[in-house]
Amino acid sequence: MTEVKPLVLDVDGTFLKTDMLFECLWAGLGTDPLPTLRAAVTHFRHPERLKAELVRIAPIRTDLLPVNPAVADLALRSRMAGREVVLASASDRSLVTRLAAEYGLSERVFASDATQNLKGARKAEALVQAFGERGFDYAGDNPVDMAVWARAENAIVVGRVPQARELSARGQNVVEIGGGWNWRALVKSLRPHQWVKNVLLLLAMIAAHRFDLATLIPILWAIVAFSAAASSIYIVNDLLDLEADRLHPTKCRRPFASGDVPIQVGMVAFAGLAILSLGIAATLNAQFFGVVVLYMVTSLAYSLKLKRMRWIDISTLAALYTIRVVAGAAAAQVDVSVYMLIFIFPIFITLGCVKRLTELTLATSDDRLPGRGYGRPDRSDLLNVAMLGTFWALVIFFLYSLSDQGQELYPTTWILWVAMIPMTLWLVRMVMLGWYGKQDYDPIVFAMRDKFGIGLLMIILSLMFWAAGLWSQWFGG
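From a predicted model like this one, the values you see are computed outputs, not experimental measurements.

> Just give me the short version of the pattern of salt bridges, but keep the residues and values in it.
Per the stated rule, a full pass over the model turns up 21 salt bridges. The partner of E23 in a salt bridge is R246, with the nearest N and O atoms 2.8 Å apart. With E23 in helix α1 (residues 20-31) and R246 in helix α12 (residues 242-246), the pair connects residues that are 223 residues apart, well separated along the chain. Under the relative-accessibility criterion, E23 is labelled buried at 4%. Its salt-bridge partner being R108, residue E84 comes within 2.8 Å of it at the nearest N-O pair. Here R108 lies in the loop between α5 (93-102) and β3 (110-112) and E84 lies in the loop between α4 (69-80) and β2 (85-92), a separation of 24 residues in the sequence. On the accessibility criterion, E84 (27% relative accessible area) is partly exposed.

So, in structure tokens, the structure goes:
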């Protein structure tokens, strides 16, 4: 009777749609950044030590890691046929052993430890010693696996590996399985729908009544820069939130959490977008460059730590929205009113509360949200803060209408008071939609798609233009 040869599976990029080294790296950056960075610098030239140290700093949940369904199906069919299915990986042994146990695979695993990085020729030699020359089938996804395929009976190639054509040319049996990633998923990870929030850069221009191309064009370039900066931070945020996203009912489908885009690709995209953003900012002016740097640093602090701190997270969200308004003023070099900043900040506090209210309303349990400091019992407190933010925004708007600056820009004061009616309706409606879970997870994005809300905003803007005398200035009469 012919002995059934074992099926050996590489892990990173083959059995899993992710890489456990980078999973540990970003888990460490999220929970203990300084020791993680120290380990990365210290052991950069010794990957086996780096992997062991990262596992010690930030052990990850291997049961949540995304699996390649085609490879997992092959493993299941092989096990049902009585074959031994073995994991062989350059990842740390403790992770590989745990992964094998969770999926019912062979207890015999081949993996790296603190003394050697089991990769390429070393992995091939270890497998030949265990199973003999041509004594196993091997599935891999990387050109470095050529050394292993060359000594296997059958080569199973996951994704696109052009070098594997050499195996077929030598007469070796090659089986191809789909894998890899596509540009559409990467674009999705940039969250282009979130770029709509950068219309906030136009507020300073509108408030200053500067409707000319010399003001508009630099703001449009600033919007491009902020969109690139925001997307770079979204990537970092997603990489830091991998475990929390995988525990979320909808965020688990995000490109990095689901494994549709490799972490390494995300890291390159982050660097490219950050360079693009800072490059555009530098060509505009020093003030705008400084605002972009402030935005990116604040966003990184939010992603690393602040979003897990109750109330601090909402204040930081409000600050990030407010920075966009300041950025528009800096790009176009127009003055931004202190009254305006004091007015919009409580509005953004309200919208930050709405964001958390929506998440809590749609949550499936009373537990704290993964990676956040709130649970469903906090809904009433968030509602109170949201309504308080609404109240103070309206009070400040009223006081502005009576100020010297307000009366200079808006001579017909009573029309500003009329504008407070749709303004109140818009804010209260946003809060109530969040309370009942009928919003998007981001209130600014929701506001830009909400037809009724847009109608209210247009009424507010029209009344403010009327109070400023702009309609008669533009159209006569």
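> Mind laying out empty space enclosed by the protein, listing which residues take part and the relevant values?
Summed over the entire model, instances satisfying the criterion amount to 2 cavities of 30 Å³ or more. By volume, the second largest cavity amounts to about 40 Å³. Secondary structure elements with two or more residues in the lining of the second largest cavity: α1, α3 (47-57) and β2.

> For the side chain of S106, give the residues involved together with the corresponding values.
If you trace the backbone, S106 turns up in the loop between α5 and β3. If sequence neighbours within four positions are ignored, S106 has contacts with E84, V85, V86 and A100.

> Can you explain the environment of L427? Please cite residues and give values.
Its place among the elements puts L427 in helix α19 (residues 413-435). By relative accessible area, L427 is classed as buried at 2%. In this structure the C-alpha to C-alpha distance between L427 and A386, which are 41 residues apart in sequence, comes to 9.1 Å. Apart from the residues lying within four places of it in its own chain, the contact partners of L427 are I347 and T390.

> Which residues make up the sheet that holds β2, and what values do they have?
The 6 strands are arranged β3-β2-β1-β4-β5-β6 in an open sheet whose pairing can be described as parallel. Looking at which strands have only one partner, the edges of the open sheet turn out to be β3 and β6 (173-177). The mean angle between the axes of side-by-side strands here comes to 15 degrees, regardless of whether they run parallel or antiparallel. Here α3 sits on the sheet in contact with β2 and β3, set at roughly 90 degrees to β2.

Reading guide: rules and limits
Residues numbered from 1 in each chain as written. Predicted model: local features only at pLDDT ≥ 70, side-chain atom pairs only at ≥ 80, totals over all residues. Heavy atoms only, no water. Salt bridge = Lys/Arg side-chain N within 4 Å of Asp/Glu carboxyl O. Helix = DSSP H or I, 4+ residues; strand = E, 2+ residues; numbered from the N terminus. Buried < 20%, exposed > 50% of the residue type's maximum accessible area, 1.4 Å probe, protein only. 1 Å grid on protein atoms, 1.4 Å probe; cavity = no way out; pocket = protein on both sides within 12 Å on 5 of 7 lines; lining within 4 Å. Points joined across faces, edges and corners; volume = space filled by probe spheres on them. Contact = heavy atoms within 4.5 Å. Pairing = 2+ DSSP bridges. Axes fitted to C-alpha atoms, helices over the stretch in contact; angles between N-to-C directions.

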